[in-house]
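Inside the fold
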Amino acid sequence: MNIMSVVGVLGFLSVLLGYVMMMSSFFMHSCVVLEVVLCSINSCEIGASFLLDEVSIIFGGVVLVISGSVGIYSKWYMNDEVFYWRFMILIYLFVGSMLMLIFSSNLIGLMLGWDGLGLVSFLLVCYYQNPSSLGASMLTVLVNRVGDVFILASIGLMSSWGDFMVYERSMFENLGYVSLFVVVAGMTKSAQMPFCSWLPAAMAAPTPVSSLVHSSTLVTAGVYLIIRCVSLCGLCEMGMGVLKFMSLLTLIMAGMAGTLESDFKKVIALSTLSQLGVMMFSLSLGFYTLAFFHLVTHASFKALLFLSAGVVIHSNKGCQDLRLLGESWKNLPISSAAMVVASFSLCGIPFMSGFYSKDLVIEMSLMKSMDIWFYFIMLLGVSFTSWYSVRVVVSVVFGLNKCVMSSVSMKESFDVIASYCCLYFGAVFSGYLMVMKMGIFFYQSFIDSFFFFLLLFMPFYGGFWFIYSMFVKEVGWFSNIIHFVVLMWNFKSLSAQFPVSYLFNYGNNLVRCMDLGWLEKVGPQGSYEFLGSISKMNQSIQSKYFLSLLLFGIAVFVILILLMCFLYD
């Protein structure tokens, strides 16, 4: 049995185990903590601790389902890869780090999974080993190291309590800055503003890696951390206030950039960033169960959307420009159908999985007493979601740009279809099942019927504006504003080019002033000029002395001849 067959079997078993874990959560109504003490220093105990409850079992099942589907999909996508075994080992290490983070109940074990995600993501993003991949991987790992620093600082502060358990710590109301540090660490891992530039840059990784990173692993680690630390983070009002403001800015920024971005994979990455803003906004309002609800539904349809996008890009000779793609329904009918289903779930079309969670986030947030600008930004950001989703579907599936870019005639393999089938169920029915699981949610019980009717048609707002923009020839935006929006409000430059360019300019001035300036004058260049001037002086002296000596010899010779002539006469 070759390695691809082993990967296919492992992927199928992973999907089966994931669904079994998700279904078993319906019968689980208790929490189990398994703790093994490894060492004890004075009153501080360090050990391995694992938490098994409804949240960890459900999310662990989701990660296993998506990772298994990605493993099956990789058999087709990475078929011509020389080091296929190396790629799959990195994938399994990545999934293992995420599972360690999910089931760990103390900061020590959580840090192992947290740092493992950052290290393996660096190796996966730079897998193709070119300058752009290296730059994206360096940006990814350096931004995530900021979160690692805050987790390490939290471990240092928690050591004063004798243990590192961070879940269910409501009895301790004075933990210093641990609550704020956990919130900031979650913001860095989930790419909230101002740490948002690394997420679109991580698109340099292969499509199976992008599907894992942007659905249920790396970007969701920060959201999951804050969800589990609900009793700890809820005590920090300043942290929750900052999280609310930054999540709304992230939501509106990602939505605006997604409507103007022309790179297919970056549009999907920006949609992930937008949905992370929705989750963080829900967390900032105190709706932790609802944020986890949206986290599970989003993971299902986003993984399906990435896999179908990878098939479309692969069949178009690697082209990712939306302006050159189109008519995928002819050559790739199953992938096009999967993309439409995932996009509709992302929009929140009734009654897909995304509708159940996203609509409920909007309803519950409208019950909070916030400023009207918060509501305006939230509703505008949600409408942007349907705008770029409709744009993707129209451009890729039904667009007429195929005359520009010719496609490769290919047939969708069994592995691709099998991976779609594993994720299709979650993209369509996971929202309904989560509502059955969390029976505390009932629709139309929080707001009046008229406003609920408006929210029901929220997904169609973006579609209307996209169709309207197709018929409007002149756009009232300047090119500089469009450039500003596509660059994510210049956060790409601020997080990457700006510090590097400043250091480069400083280094250039330092080289010109010191290495090419004073050091050259004092050192070899100055010594060369000094010795050269001395040599010239010596040469001039020697030349004058030789001429004077020659003239003196000639004069003496002439005088002697004259004397001899005088004496003979």
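One can find the structure itself at the top, above this paragraph.
Residues numbered from 1 in each chain as written. Predicted model: local features only at pLDDT ≥ 70, side-chain atom pairs only at ≥ 80, totals over all residues. Heavy atoms only, no water.

On to the overall build of the protein chain, then. In terms of helices and strands, the protein chain carries 23 helices and 2 strands. Counting over 569 residues, the protein chain shows a buried share of 53%. For the protein chain, the exposed surface amounts to about 26800 Å²; the carbon and sulfur share of it is 72%. (Helix = DSSP H or I, 4+ residues; strand = E, 2+ residues; numbered from the N terminus. Buried < 20%, exposed > 50% of the residue type's maximum accessible area, 1.4 Å probe, protein only. Areas by Shrake-Rupley, 256 points an atom, 1.4 Å probe, with all protein chains shown as cover.)

Here Met246 lies in helix H11 (residues 237–260). Here the alpha-carbon distance between Met246 and Gln192, two residues 54 residues apart in the chain, equals 6.6 Å. Excluding residues within four positions of it along the chain, Met246 makes contact with Met187, Gln192 and Met193. (Contact = heavy atoms within 4.5 Å.)

Another aspect to go through is the state of the cysteines. As enumerated under the stated definition, the model contains 0 disulfides in all. Among the cysteines around Cys421, which has no disulfide bond, Cys422 carries the closest sulfur, lying 6.9 Å off. (Disulfide = S-S within 2.5 Å.)

We now examine empty space enclosed by the protein. If you walk through the whole model with that rule in mind, you get 5 cavities of 30 Å³ or more. If you trace the largest cavity, you find 12 residues lining it, with Met22, Phe26, Ser430, Leu433 and Met434 closest to the centre. Among the secondary structure elements, those contributing two or more residues to the lining of the largest cavity are helix H1 (3–24) and helix H18 (414–437). By residue number, the principal contributor to the lining of the largest cavity is H18, which donates 6 residues. Looking at side-chain class alone, the lining of the largest cavity contains 8 nonpolar, 3 polar and 1 charged residues. (1 Å grid on protein atoms, 1.4 Å probe; cavity = no way out; pocket = protein on both sides within 12 Å on 5 of 7 lines; lining within 4 Å. Points joined across faces, edges and corners; volume = space filled by probe spheres on them. Nonpolar A, V, L, I, M, F, W, Y, C, P; charged D, E, K, R; others polar.)

This part takes up the side chain of Ser56. Residue placement: Ser56 occurs in helix H2 (residues 54–77). One polar contact links the side chain of Ser56 to the main-chain carbonyl oxygen of Leu51, over a distance of 3.2 Å. Of the polar contacts made by the side chain of Ser56, one reaches the side chain of Asp53; its length is 2.8 Å. Not counting the four nearest positions on each side in its chain, Ser56 is found in contact with Leu51, Ile102, Phe103, Tyr224 and Arg228. (Polar contact = N/O pair within 3.5 Å; in protein donor to acceptor, adjacent residues only side chain to side chain.)

Here we take up the packing of helix H3 (residues 84–103) against helix H9 (residues 218–228). Two elements in contact, H3 and H9, have axes whose closest approach is 10 Å; the angle formed by their N-to-C orientations is 10°. In terms of orientation, H3 and H9 fall into the roughly parallel class. Counting all contacts with H3, which are made through Phe94, Met98, Leu101 and Ile102, the residues of H9 involved are Leu218, Thr220, Ala221, Tyr224 and Arg228. Of the residues belonging to the contact of H3 with H9, the class tally is 7 nonpolar, 1 polar and 1 charged. (Axes fitted to C-alpha atoms, helices over the stretch in contact; angles between N-to-C directions. Parallel < 35°, antiparallel > 145°, perpendicular 65-115°, else oblique.)

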